[in-house]
Amino acid sequence: MRWTDLPSTSPLRTLEAWRESVLAQGRVEPAGVAAIVARAQAGDAPLVLIDAQAMEVAAHHVGASALERGGLLAGTPVSLDGAVALVHVTRAIPGTEDDATPLSLRLGATVWSRANASLLPGEAVVGWFHSHPGIGAFFSDTDRRTQADFFAQAFSLGWVIDPVRGEHAWFVGARCESVPVQRVVAGRPGA
Ligand SMILES: [Zn+2]
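The sections below set out a description of the structure shown in this document.

1. Considerations on the overall build of the chain
Part 1: From N to C terminus, the chain includes five helices and nine strands.
Part 2: Ordering the α and β elements of the chain from the N terminus gives β-α-α-β-α-β-β-α-β-α-β-β-β-β.
Part 3: Buried positions account for 39% of the 191 residues belonging to the chain.
Part 4: When contacts within the chain are restricted to residue pairs at least 6 apart in sequence, those whose partners lie at least 24 apart make up 74%.

The following block contains the structure:
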C-alpha cells in the first residue's frame, strides 16, 4: 500500500463559522442548518454530514466494480469547545490507480495530489472510503492500520461500503471509533 501523507495544516473551523459560511452560500435553508447545528452540539460522537453528490460519486465508483475500490473524502471538519462536533463531507475523490484485489486496496499517490490540488479554501481531506464487495461493511486489521497511519486526525473519517449488501460503516479518528449510523446525515441540510 502506498500512501502519501498530507501537509499538516489545521483545517478545523468553529461550529459558528461553519454555520455562517453554509448560510452565506445560500443553497441551504436556515432551518436545516439549525437542525444540523443542534444535532452536532448534542451527541457524543461527531456528526457526519455528507452532501448528496459526494455520496453519489462514491457509490458510483465502488458500485462499478466487484473489486475493492476507494478514494478520498474532502470537506470541512468543525469543532466545538475543542472537540470535533461535525465533519461536513462535500466531495468524494475516486482513486484511479486501483490495481485492487477483492480483499486489498491500493490507492496511488496521484489521488492524494489530485485531492490536494482540488481543495477549495477551507476544505481539507477529511477521510477515505473504500468498498468490501459482498463481505460486509467493517474495518479489517489492515483498514485499522491505514486509518491510524494516514487518517489519524480526530476528524478523520473511514467509510466502508458493501455495494452488494447495501451496507455502510463509518469510523473516526486514529482509534477507529465507530460512528453510529444515526450520526450520519446524507444530503444537504434543508435539502
Ligand atoms: Zn477494508
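2. Structural notes on the nonpolar core
Part 1: Among the nonpolar cores identified, the biggest contains 43 residues, and Val48, Leu73 and Val126 are the most heavily contacted of them.
Part 2: Counting residues per element, this core draws most heavily on strand β4 (residues 83–94), at seven residues.
Part 3: Those residues within four positions of leucine 73 in sequence are excluded, and the remaining contacts are Val89, Ala92, Val125, Val126, Gly127, Trp128, Phe129, Leu157 and Trp159.

3. Section: the environment of valine 89
Part 1: If you trace the backbone, valine 89 turns up in strand β4.
Part 2: Residue valine 89 is classed as buried on the basis of its 24 C-beta neighbours within 10 Å.
Part 3: Taking the C-alpha atoms as reference, valine 89 lies 4.3 Å from glycine 75; in sequence the two are 14 residues apart.
Part 4: Other than its neighbours up to four places away in sequence, valine 89 contacts Val48, Leu49, Ile50, Asp51, Ala54, Leu73, Gly75 and Val126.

4. A look at helix α3 (residues 52–63)
Every α-helix winds through 3.6 residues per turn, so residues three or four apart in the chain are directed the same way.
Part 1: Compared with the 16 Å implied by 1.5 Å per residue over twelve residues, the 16 Å span of α3 between its first and last C-alpha is a close match.
Part 2: Where α3 is buried, its residues contact β2 (47–50), β3 (70–80), β4, β5 (124–131) and β6 (157–162).

So, how was this worked out
- Residues numbered from 1 in each chain as written.
- Predicted model: local features only at pLDDT ≥ 70, side-chain atom pairs only at ≥ 80, totals over all residues.
- Helix = DSSP H or I, 4+ residues; strand = E, 2+ residues; numbered from the N terminus.
- Buried ≥ 20, exposed ≤ 12 C-beta atoms within 10 Å, placed from the backbone.
- Contact = placed C-beta atoms within 7 Å.
- Core = buried A, V, L, I, M, F, W, Y, C linked by C-beta atoms within 7 Å.
- Expected span 1.5 Å × (residues − 1).

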